[in-house]
Amino acid sequence: MTVDLSLYLVTDPELCGDRGVVETVRQAVEGGVRVVQVRDKTATEAEIVEQLIAVSQVIDGRALLVVNDRLDAAVAARERGARVHGVHLGQGDASVRRAREVLGPDALIGLTANSAAHLEAVLALPVGTVDYLGVGVIRPTATKPDHPAPLGVDGFRDFVARSPLPCVAIGGVGLDDAEALRDAGAAGIAVVSALCAAEDPAATARAFRRRWLAGSVPRVLSIAGSDPSGGAGIQADIKSIAANGGYGMAVPTALTAQNTQGVRGVHVPPAEFLRAQLDAVSDDIVIDAVKIGMLADAEVIRTVAAWLDRARPPIVVLDPVMVATSGDRLLEPDAERELRDLLRRATLVTPNLAELAVLSGRDVGDWSEAIAAAEDLSTDVGVAVLVKGGHLAGNDAPDALIDARHGRRQEYSGTRIVTSSTHGTGCSLSSALATLLARGLEPEQAVRAARSWLRESLRAGEALRVGRGHGPINHFSGLWARADTTSGVAASEVAASEVAASEVAAEWWERIADIRAQIDELPFIRALADGSLEREPFLAYLAQDALYLREYARVLSEAARRAPTSAEQAFWAHSAHGSIVGELELHASWLTPQQGVSAATFAAEPSAATTAYLDHLRSVAFGGDYAEIVAAVLPCFWLYTDLGRRLHAGEFGEYARDPQHPFASWLATYADPAFEEATETAILYASGAAARADAATRARMSRVFEVSSAHELAFFAAPMEFSPAG
Ligand SMILES: Nc1ncnc2c1ncn2[C@@H]1O[C@H](COP(=O)(O)OP(=O)(O)O)[C@@H](O)[C@H]1O
Ligand SMILES: Cc1ncc(COP(=O)(O)O)c(N)n1
Ligand SMILES: [Mg+2]
């Protein structure tokens, strides 16, 4: 088995504080730590043994466990059933030869080394005695008071170049060192204080993984059925993984004879051969994430479960496929119980409504019942659940991410896309998620990014003209559209782009999390929602909005003028038109004497906030390129849609959705599906431009996006800070 040393946690009881070592390990492993070293220089042997047993339980096979120094404790803990994989020894500690003898050939044995003399000693050992070297310290650190002179990244690189064994960088390693150390040849980074003292070790571990993987391609394995028509199963998975920036691999569990109209037959190869395929991959390749789809029968499930326990992939997205879109069964009914047992080995489970009903044993008639059933399932099994609303009746296709362990629930709303090309949507979504999670995205971000990509692919499915039934989605529509015609951007250039558009969008949205939170708290928004907003500040706000929209339209026209493709040109020109219509609409229905608009409001000059915002947009339009302009205009789309949707969903109180609300008709415009659609397209074009851009342009885009968002905040804040005499 190849050992994944990429992210290595060394525990420190003091730094873990009240949370304790065991809980810290649990969270860090959830975030993607691959090796845990229990290190406690002062505990007694009996205490260490107890700690190893407890830590082994929370790791539950998802990471490797080694102990610092205490070979005897490792042996004693093993005797009591703990899964202790090995030891990490210092130069002065008990001999590594003895450790190998005692723990056996499969144990993981590490040795601290940082000098030429240490390297000599390693070279003198029989091959197979030591598996890796812990090399450091990299920077001065307080967690090892007697540490040698720091190597720095350069010293580390020199050491790696001469080392016959994989080297894990240790000692004072922070988030900002991850990429440099990887480039210097590290097999992994060992982290002590940055994880032990972290407020949220899972999120911090994901951040480390994100940095570690930056610029590299995650290796993602699909274990699923084959669909020869290419729309579902492993074929869809490989395309989805590639479209989302991963290297795809596939082990088929079953062959189906299927097309867009239905499944004609299923052939399940011997389980023994399934095992051989799985082992062939994991014996050679470090796997960053696994997606599991069709499992056919109970024996397949048992074989995959046993392999998961051996290979311990850090991320497992399980799509509990039972019935195809066409209605054909893809799992023997008697295997449903076994499938339920497999769930607890997953990071994320993605049932559709019917599958959720079977797995939770509850009726799932409508969306609220689906959410309740998903809460149940997540509590029961202890994993995150993404419940998918693709099969709901009506105009919406929502999904919800529920993690009962953390009390998290995130709903994603979206209008249903009218298309018959829905074959393989579930397969595609789950493998996109596995890939994005492997890139280190937070689960909420990964779902947002995967959905945005899926919706784009759904829209473009029918144009592929594949089959006469439920056709496939177009996994690469975004990529191909951006490689399009007049832009002169070659497809190969696009393919070489280091970031996925969906990831850029998720990152930008995260970047302004603070601004969004502040907007939500503004007295203006609160008063608008609960109906207590006075007419005068509201109308003063609309007067500013009208002034803004007129100029905003000009900036959108500039985006249209510079657009690289005709589709983009048409979109921005259409948006400019929409902006002018919006302005005229405000004058026709709100900014009228009948509405009680005062002379002062009517004749309003741009306020300081409006002027500042417009100056910013105009300066980007004047001096920036297409990419920057579209990043600058985006917050106005995105923040309004988001706010409108949440107001409409009752997140700010029920009154905001009441038709009796004094500003109901105005509130309705922002929850308008057409506006939501436009926002999705704007996000797509802006993030697409970012994905094609070089790193410097991308950084400028991200900056102007943030600045525009800050201006949005000031624009919303202005009416309550300064109400003009009326
Ligand atoms: N017509 C549609 N428009 C928009 N999103 C859809 C549509 N159909 C399915 N989806 C989305 O596709 C994903 C797969 O959902 P679903 O169809 O419920 O699962 P499955 O394919 O496993 O049966 C979900 O994110 C769902 O919201
Ligand atoms: C081999 C195979 N696996 C899975 C599905 C489910 O497809 P969907 O993603 O539409 O639920 C399928 N039709 N065929
Ligand atoms: Mg499905």
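Residues numbered from 1 in each chain as written. Chains lettered and ligands numbered in written order. Predicted model: local features only at pLDDT ≥ 70, side-chain atom pairs only at ≥ 80, totals over all residues. Heavy atoms only, no water.

Looking at an unreviewed UniProt entry, one finds the protein chain named Thiamine-phosphate synthase and attributed to Microbacterium aurugineum.

Trainee: Describe the overall build of the protein chain, naming the residues involved and giving the relevant values.
Mentor: Summing up its helical and strand segments, the protein chain has 31 helices and 17 strands in all. Here the protein chain holds 726 residues, and the buried ones make up 56% of them. In the structure as shown, the protein chain presents an accessible area of about 29300 Å², 53% of it carried by carbon and sulfur atoms. (Helix = DSSP H or I, 4+ residues; strand = E, 2+ residues; numbered from the N terminus. Buried < 20%, exposed > 50% of the residue type's maximum accessible area, 1.4 Å probe, protein only. Areas by Shrake-Rupley, 256 points an atom, 1.4 Å probe, with all protein chains shown as cover.)

Trainee: Before we move on, could you go through the site of ligand 1 and cite the residues and values that matter?
Mentor: Near ligand 1 lie 15 residues; those nearest to it are Asn352, Lys388, His391, Asp399 and Ile417. The side chain of asparagine 352 places a nitrogen or oxygen atom 2.8 Å from an oxygen atom of ligand 1. Out of a free accessible area of 550 Å², ligand 1 has 93% covered by protein chains. Tallying contributions element by element places helix α18 (residues 443-459) first for the shell around ligand 1, with four residues. Class assignment for the residues of the shell around ligand 1 results in five nonpolar, five polar and five charged. (Near = heavy atom within 4 Å. Polar contact = N/O pair within 3.5 Å; in protein donor to acceptor, adjacent residues only side chain to side chain. Nonpolar A, V, L, I, M, F, W, Y, C, P; charged D, E, K, R; others polar.)

Trainee: So, the side chain of asparagine 352: which residues are in play, and what are the values?
Mentor: Position of asparagine 352 relative to the elements: it lies in the loop between β14 (348-349) and α15 (353-360). In this structure the side chain of asparagine 352 is engaged in a polar contact, spanning 3.2 Å, whose partner is the backbone nitrogen of alanine 354. Beyond its immediate stretch of four places on either side in the chain, asparagine 352 contacts Lys388 and His391. (Contact = heavy atoms within 4.5 Å.)

Trainee: Any chance you could break down the packing of aromatic side chains for me, citing the residues and the numbers?
Mentor: Evaluated as defined, the whole model comprises 23 aromatic pairs. When the centroid spacing of 5.1 Å and the interplanar angle of 20° are considered together, the rings of tyrosine 548 and tyrosine 552 count as stacked. Highlighted residues: tyrosine 548 and tyrosine 552, both in helix α24 (residues 535-562), separated by four residues, approximately one helical turn. Using a relative accessible area of 4% as the deciding quantity, one classes tyrosine 552 as buried. (Phe/Tyr/Trp six-rings, centres within 6.5 Å; stacked < 30°, edge-to-face > 60°.)

Trainee: So what about the UniProt feature "binding site: Mg(2+)" (unreviewed entry) in the protein chain? Which residues, and what values?
Mentor: Cross-referencing UniProt, the feature "binding site: Mg(2+)" (unreviewed entry) maps to Asp69 and Asp93 in the present numbering. Examined against the element boundaries, aspartate 69 turns out to sit in the loop between β3 (64-68) and α4 (71-79). (UniProt positions renumbered as here; feature names shortened; annotations may be inferred.)

Trainee: Describe the state of the cysteines, naming the residues involved and giving the relevant values.
Mentor: As used in these notes, a disulfide is a covalent bond between sulfur atoms, one from each of two cysteines. For the structure shown, the criterion picks out zero disulfides. Sulfur of cysteine 196: no disulfide; nearest cysteine sulfur belongs to cysteine 16 and is 3.7 Å away. (Disulfide = S-S within 2.5 Å.)

Trainee: Tell me about the packing of helix α22 (residues 513-521) against helix α23 (residues 523-530), and please be specific about residues and values.
Mentor: At a closest axis distance of 5 Å, the pairing of α22 and α23 adopts a crossing angle of 50°. If you check the angle between α22 and α23, you find them oblique. Residue-level inspection shows Ile519, Asp520 and Glu521 of α22 in contact with α23, the latter providing Pro523, Ile525 and Arg526. Here the contact of α22 with α23 is built from residues that sort into three nonpolar, no polar and three charged. (Axes fitted to C-alpha atoms, helices over the stretch in contact; angles between N-to-C directions. Parallel < 35°, antiparallel > 145°, perpendicular 65-115°, else oblique.)

Trainee: Which residues make up the sheet that holds β14, and what values go with them?
Mentor: Within the open sheet, the nine strands sit side by side as β11-β10-β9-β12-β13-β14-β15-β16-β17. Their pairing is mixed. Strand pairing shows two members of the sheet lacking a second neighbour, β11 (262-267) and β17 (408-412), which therefore form its edges. Direction of pairing for strand β9 (residues 219-226) relative to strand β10 (residues 247-259): parallel, over a ladder of eight bridges. Among the inter-strand pairings, serine 222 is bridged to a residue of β10, identified as alanine 250. (Pairing = 2+ DSSP bridges.)

Trainee: An account of the nonpolar core is requested, with residue identities and associated values reported.
Mentor: In a soluble, globular protein the nonpolar side chains are often hidden away together inside. Ranked by internal contacts, the top residues of the largest apolar core, which has 75 residues, are Trp572 and Trp666. For this core, the element with the most residues is helix α28 (residues 626-648), which contributes 15 residues. Sequence-distant contacts of tryptophan 572, that is, excluding residues within four places in its chain, are made with Leu556, Ala559, Ala560, Ala563, Tyr626, Val630, Val633, Phe637, Ala682 and Tyr685. Judged by nonpolar contacts, the second largest core, of 61 residues, contains Leu89, Ile109, Ile138 and Leu195. (Core = buried A, V, L, I, M, F, W, Y, C linked by side-chain atoms within 4.5 Å.)

Trainee: Talk me through the pairing of strand β15 (residues 384-388); I want residue IDs and the actual numbers.
Mentor: When you tally the buried positions in β15, you get five out of five residues, the bulk of the element. Side chains of β15 alternate between two faces, with Ala384, Leu386 and Lys388 and Val385 and Val387 buried alike. Examined bridge by bridge, β14 and β15 share two bridges and lie parallel to one another. Bridge pairing in β15 links leucine 348 to alanine 384. Two elements, β15 and strand β16 (residues 399-403), share four bridges in a ladder whose sense is antiparallel. Across the sheet, the residue bridging to valine 385 is isoleucine 402, located in β16.

Trainee: Tell me about a nonpolar patch on the surface, residues and numbers included.
Mentor: Taken together, Leu464, Val466, Leu479 and Trp480 make up a surface patch of nonpolar side chains, about 330 Å² in accessible area. Assignment of secondary structure puts leucine 479 in helix α19 (residues 477-482). (Patch = residues over 30% accessible without salt bridge, like charges linked within 9 Å, V, L, I, M, F, W, Y side chains within 5 Å. Salt bridge = Lys/Arg side-chain N within 4 Å of Asp/Glu carboxyl O.)

Trainee: So what's going on with the pairing of β10? Which residues, and what values?
Mentor: Handedness of the crossover joining β9 and β10 through helix α11 (residues 233-243) is recorded here as right-handed. Two strands pair when backbone bridges link them, and β10 and β11 are joined in this way by five bridges, in the antiparallel orientation. Of the residues in β11, the one forming a bridge with asparagine 259 is glycine 262. Linkage of β10 to β11, two consecutive antiparallel strands, is achieved through a turn of two residues. (Right-handed = clockwise from strand over helix to strand, strands pointing away.)

Trainee: Lay out the confidence of the model for the protein chain in plain terms, naming residues and giving numbers.
Mentor: Chain-level pLDDT for the protein chain is 90 on average; 95% of the residues reach the 70-or-more range. Here residues 485-497 is modelled with pLDDT under 50, and outside its nearest four sequence neighbours on either side it reaches 16 contacts, counting other chains as well. Predicted complex, confidence summary: ipTM 0.93, pTM 0.70. (pLDDT = per-residue confidence, 0-100.)

Trainee: Which residues make up unusual backbone geometry, and what are the values?
Mentor: Of note, the amide linkage connecting glycine 136 to valine 137 takes the cis form, showing an omega dihedral of 5°. Relative to the helices and strands, valine 137 is located in the loop between β6 (132-136) and α7 (152-162). Even without glycine at this site, alanine 296 takes up a positive phi of about 65°. Position of alanine 296 among the secondary structure elements: in the loop between β12 (289-292) and α13 (298-311). Look at arginine 465: it is not a glycine, yet its phi comes out positive at around 55°. As for its placement among the helices and strands, arginine 465 is situated in the loop between α18 and α19.

Trainee: Run through the pattern of salt bridges, naming residues and quoting values.
Mentor: Taken as a whole and judged by the stated rule, the model has 48 salt bridges. Residues arginine 26 and glutamate 23 are paired through a salt bridge, measuring 2.8 Å at the closest nitrogen-oxygen approach. In this pair, arginine 26 and glutamate 23 both sit in helix α2 (residues 20-30), three residues apart, roughly one turn of the helix. Using a relative accessible area of 24% as the deciding quantity, one classes arginine 26 as partly exposed. Judged by its relative accessible area of 27%, glutamate 23 is partly exposed. Among the ionic pairs, arginine 561 bridges to glutamate 558, the shortest N-O distance being 2.9 Å. Linking arginine 561 with glutamate 558, this pair stays in helix α24, spanning three residues, or about one helical turn.

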